Amino acid sequence: MERLAILGALHEEIADLLAAMDPGAAVHRIAMRDFHVGTLWGTPCVIALSRIGKVAAAATASIVIREFQVSRVIFTGLAGGLHPDVEVGDVVVAHSLMQHDMDARPLFGQHEIPLLGRVRFESDAELSKRLLDSAGDFVRGRAIEGAARAQARVHGGLIATGDVFVSHAEEALALRARLPDALCVEMEGAAMAQVCYESGIPFAVLRVISDRADHAAKTDFTAFLENVARVYTAGILAPLLKA
Ligand code: ADE
């Protein structure tokens with residue numbers, strides 16, 4: 001049986017998915033995490049809260065691959081916008097991910113994962129395309145309160161991951177200068193991606209932009225988490241899983 005893993009770093013990011021699972025989902029507690037195994041909108045799934053950061057995401061991805069034999073992994077949640085075109089309320093689907101805080105120079109190149117010989121991890125093209133299409137349908141006609149643009153957009157491209165919540169404009173500008181094609185910054189995606197790559201498991205990452213990674217990031221992130229995160233995730237994944 002093909003099983004999909006859906007992971008999120010915070011409860012709000014997966015709450016509506018857990019609530020929508022068919023009754024009778026089994027809960028397995030492993031390594032201080034709950035893994036909810038059951039069916040979501042007709043698809044066999046395991047849903048888990050990874051907690052925040054690269055180690056947490058990598059540990060959780062390893063568990064869903066080894067203990068639950070998942071055939072694909074989706075990581076979902078919020079991110080800070082980096083690219084000038086990426087605004088609060090937009091959706092980003094990763095084409096590739098990299099770890100912006102990995103730096104083993106002079107032993108290895110900047111951002112290169114040592115002994116893996118790779119900087120970027122490419123997401124599964126088919127799964128990512130389906131997420132992009134579903135996100136496009138979801139945001140069409142949707143106005144975001146307090147956003148710079150009336151109409152949210154959907155972007156596909158590079159996501160930068162690191163163990164830091166970026167909350168100063170100077171930090172965001174420095175990241176933009178170093179990684180001009182990075183669309184957004186978050187704290188888990190590329191760690192999950194590395195684990196999936198090493199195990200040959202296709203993956204995708206879906207991120208909703210909650211803030212612009214500047215001084216207002218904490219306030220924007222908190223408001224977005226409470227009000228919007230869960231609606232987006234469920235609204236984008238439901239049509240995709242039902243199809
Ligand atoms: N996730 C959401 N906003 C973020 C930010 N500003 N930095 C890192 N991860 C984030």
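Residues numbered from 1 in each chain as written. Predicted model: local features only at pLDDT ≥ 70, side-chain atom pairs only at ≥ 80, totals over all residues. Heavy atoms only, no water.

Student: How should I be thinking about the overall build of the protein in this particular structure?
Tutor: Across its full length, the protein carries seven helices and 10 strands. Radius of gyration (C-alpha) of the protein: 17 Å, near the 18 Å computed for a compact globule of 243 residues. Going through the 243 residues of the protein one by one, you find that 52% of them count as buried. Considering only intrachain contacts with a sequence separation of at least 6, the fraction spanning at least 24 residues in the protein is 76%. Total accessible area computed for the protein in this model is approximately 10,400 Å², and 55% of it derives from carbon and sulfur atoms. Side-chain charges of the protein comprise 23 positive and 30 negative groups, with the mean position of each set lying 2 Å from the other. (Helix = DSSP H or I, 4+ residues; strand = E, 2+ residues; numbered from the N terminus. Rg over C-alpha atoms; globule rule 2.2 N^0.38 Å. Buried < 20%, exposed > 50% of the residue type's maximum accessible area, 1.4 Å probe, protein only. Contact = heavy atoms within 4.5 Å. Areas by Shrake-Rupley, 256 points an atom, 1.4 Å probe, with all protein chains shown as cover. Lys, Arg positive; Asp, Glu negative; His and termini not counted. Charge placed at Lys NZ, Arg CZ, Asp CG, Glu CD.)

Student: Can you walk me through the site of the ligand in this structure?
Tutor: Around the ligand, a shell composed of 13 residues is seen, among which A79, G80, F165, V166 and D211 lie nearest. G80 is positioned with one of its backbone polar atoms (N or O) 3.3 Å from a nitrogen atom of the ligand. For the ligand, a nitrogen atom lies 2.7 Å from a polar atom in the side chain of D211. The fraction of the free accessible surface of the ligand (260 Å²) that becomes covered by protein chains is 97%. In terms of residue class, the shell around the ligand is made up of nine nonpolar, two polar and two charged. (Near = heavy atom within 4 Å. Polar contact = N/O pair within 3.5 Å; in protein donor to acceptor, adjacent residues only side chain to side chain. Nonpolar A, V, L, I, M, F, W, Y, C, P; charged D, E, K, R; others polar.)

Student: Can you help me understand helix α7 (residues 229–242) in this one?
Tutor: A turn of α-helix holds 3.6 residues, and therefore any two residues three or four places apart point the same way. Across its 14 residues, α7 extends 20 Å between first and last C-alpha, which sits within 8% of the 20 Å expected from 1.5 Å per residue. Restricting attention to buried positions, one finds in α7 the residues A229, Y232, T233, A234, I236, L237, A238, L240 and L241. (Expected span 1.5 Å × (residues − 1).)

Student: Please explain the pairing of strand β3 (residues 33–40) as it appears in this structure.
Tutor: Each regular strand shows side chains that alternate between the opposite faces of the sheet. Where burial is concerned, most of β3 is hidden: six out of the eight residues are buried. Direction of pairing for strand β2 (residues 26–30) relative to β3: antiparallel, over a ladder of five bridges. The residue bridging A26 from the neighbouring strand is V37, located in β3. Counting the residues that bridge the hairpin from β2 to β3 gives two residues, and of these A31 lies at a positive phi of roughly 50°. Pairing of β3 with strand β4 (residues 43–49) involves six bridges; the strand directions are antiparallel. (Pairing = 2+ DSSP bridges.)

Student: Before we go on, may I ask you to explain helix α6 (residues 217–227) in this structure?
Tutor: Those residues of α6 that sit buried are A217, F221, F224 and L225. Buried residues in α6, looked at end-on, bunch into an arc of 100°, giving them a common side. Exposed positions of α6 whose direction lies more than 90 degrees from the buried face are T219, E226 and N227. Along its buried surface, α6 packs onto α1 (11–20), β5 (72–81), β10 (203–211) and α7. (Arc of directions from axis to C-beta.)

Student: Before we go on, may I ask you to explain the packing of α1 against α7 in this structure?
Tutor: The axes of two packed helices give the description: the angle between them and the distance between them. Orientation of α1 relative to α7, taken along the N-to-C sense of each, is 45°, at an axis distance of 7 Å. By the criterion of interaxial angle, the relationship of α1 to α7 is oblique. Our pair here, α1 against α7, has a crossing hand that is right-handed. Along its contact with α1, which presents E12, E13, A15, D16 and L17, the element α7 presents A229, R230, V231, T233, A234 and L237. Tallied by class, residues from the contact of α1 with α7 come to six nonpolar, one polar and four charged. (Axes fitted to C-alpha atoms, helices over the stretch in contact; angles between N-to-C directions. Parallel < 35°, antiparallel > 145°, perpendicular 65-115°, else oblique. Left-handed = near helix turned anticlockwise from the far one by under 90°.)

Student: So what exactly am I meant to see when it comes to unusual backbone geometry here?
Tutor: Here R105 and P106 are connected by a cis peptide whose omega angle stands at 0°. Of note, P106 is situated in the loop between β6 (91–99) and β7 (120–122). Even without glycine at this site, W41 takes up a positive phi of about 45°. Secondary-structure assignment places W41 in the loop between β3 and β4. Here W41 falls in the buried class, since its relative accessible area comes to 19%.

Student: Before we go on, may I ask you to explain the nonpolar core in this structure?
Tutor: A general trend in soluble globular proteins is that nonpolar side chains are found buried together. In this structure, V64 and V73 are the most contacted members of the largest nonpolar core, which totals 36 residues. When sequence neighbours within four positions are dropped, the list of residues in contact with V73 reads L4, A5, L7, V64, L127, M192, C196, I201, P202, F203 and A204. The next biggest cluster of nonpolar side chains, apart from the first, holds 35 residues, and it includes V139, V208, L237 and L241. (Core = buried A, V, L, I, M, F, W, Y, C linked by side-chain atoms within 4.5 Å.)

Student: What should I look at first to understand the pairing of β6 in this one?
Tutor: In terms of residue burial, β6 counts as a mostly covered element, since eight of its nine residues are buried. As paired elements, β6 and strand β8 (residues 154–161) share eight bridges and run parallel to each other. Its bridge partner being in β8, V93 is matched across the sheet by G156. The sheet contact formed by β6 and β10 spans three bridges and is antiparallel. Along β10, the bridge assignment pairs V91 with V208.

Student: Got a minute to help me understand the side chain of D211 in this structure?
Tutor: For D211, the location among the structural elements is in strand β10. Leave out the neighbours within four places in its chain, and D211 touches A79, G80, G81, V88, F165, A217, D220 and F221.

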